[in-house]
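Tertiary structure, described
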Amino acid sequence: MERELIQALIKKCALGLFDLACAVSGKACWDLSLPIGVIDARRDAPKLVVTSVGTINSTLRASATIGNPLMQQFFARFEQVGVEQALADMKQGNDAEVFNEVWEAYREERRNGEAPMWSVEDATAFVLKSKEAHADREVACVAILPGEPHRIVTFSVPIAFLTNPSE
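Let us look at the structure shown here. (Residues numbered from 1 in each chain as written. Predicted model: local features only at pLDDT ≥ 70, side-chain atom pairs only at ≥ 80, totals over all residues. Heavy atoms only, no water.)

What about the side chain of S63?
By secondary structure assignment, the location of S63 is in strand β3 (residues 62–63). Classification of S63 by relative accessible area gives buried; the value is 0%. Within the structure, the side chain of S63 is placed 3.0 Å from the backbone nitrogen of I66, a separation counted as a polar contact. A polar contact is formed between the side chain of S63 and the side chain of E109, at a distance of 2.6 Å. Apart from the residues within four sequence positions on either side, S63 is in contact with E109, P116, W118, S119 and V120. (Helix = DSSP H or I, 4+ residues; strand = E, 2+ residues; numbered from the N terminus. Buried < 20%, exposed > 50% of the residue type's maximum accessible area, 1.4 Å probe, protein only. Polar contact = N/O pair within 3.5 Å; in protein donor to acceptor, adjacent residues only side chain to side chain. Contact = heavy atoms within 4.5 Å.)

Laid out in structure tokens, this is it:
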């Protein structure tokens, strides 16, 4: 399912991805200025934004808290029982004191502008993935998929595929 969705997004953003592939192919060496694509597919018409690896967190705000294992546990519990019960459970568990600190930091992140899209760990993994993709002559991309909450998917596409109209 996810593969078909990514393929459909690539097709819908083909012109922008062609330009992106040309820009990436002009970069002999990987660095933080390497262009990458972010496809926001939360609306009917997906939108491609081109940014650089080094500024990915300006496009997709990263969170220092959502990667925390206690927050991950909270999110999993939230999906099962809802936010109120999950919060009550976490605030009464063995790690309640630590969770409360992380929860307050998370709330502060949310108050300070747009909600974080992914964790700092996810962003770092994507930067490393972009280096591998460039070495493999591919364009690194991120897709923001619809849902509550949204999903983030990272992938890469061969430059040759994006620049060859017959494929």
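Let us keep going from here.
A few points about the layout of surface pockets
Of the pockets and cavities examined, the largest pocket occupies roughly 860 Å³. Lining the largest pocket are 28 residues, and of these I66, F75, M117, P149 and H150 sit closest to its centre. Only α4 (69–81), α6 (96–111), β4 (118–119), α7 (120–135) and β6 (151–158) provide two or more residues apiece to the lining of the largest pocket. Grouping the constituent residues of the lining of the largest pocket by class yields 16 nonpolar, five polar and seven charged. (1 Å grid on protein atoms, 1.4 Å probe; cavity = no way out; pocket = protein on both sides within 12 Å on 5 of 7 lines; lining within 4 Å. Points joined across faces, edges and corners; volume = space filled by probe spheres on them. Nonpolar A, V, L, I, M, F, W, Y, C, P; charged D, E, K, R; others polar.)

Section: the pairing of strand β1 (residues 35–40)
Along β1, five of the six residues are buried, which leaves the element largely enclosed by surrounding structure. Linking β1 back to strand β2 (residues 47–52) in an antiparallel pair, the connection comprises six residues. Bridge count for β1 against strand β5 (residues 138–145) is four bridges, and the pairing is parallel. Following the sheet pairing, I39 is matched in β5 by A143. (Pairing = 2+ DSSP bridges.)

A word on α6
Compared with the 22 Å implied by 1.5 Å per residue over 16 residues, the 22 Å span of α6 between its first and last C-alpha is a close match. All of the buried residues along α6 are A96, F99, V102, W103, Y106 and E109. In an axial view of α6, the angular spread of the buried residues amounts to 135°, which keeps them on one side of the axis. Among the exposed residues of α6, those oriented more than 90 degrees off its buried face are E97 and E101. If you follow the buried residues of α6, they end up packed against β3, α4 and α5 (83–90). Positive backbone phi, at 105°, marks G113, one or two positions downstream of α6. (Expected span 1.5 Å × (residues − 1). Arc of directions from axis to C-beta.)

Thoughts on the pattern of salt bridges
Should their charged atoms come close, side chains of opposite charge can pair. Counted under the stated rule, the structure contains six salt bridges. The salt bridge involving R77 is made with D89; its shortest N-O contact spans 2.7 Å. Separated by 12 residues along the polypeptide, R77 in helix α4 and D89 in helix α5 bring together distant segments of the chain. On the accessibility criterion, R77 (29% relative accessible area) is partly exposed. A salt bridge links R111 to E108; the shortest N-O distance between them is 2.9 Å. (Salt bridge = Lys/Arg side-chain N within 4 Å of Asp/Glu carboxyl O.)

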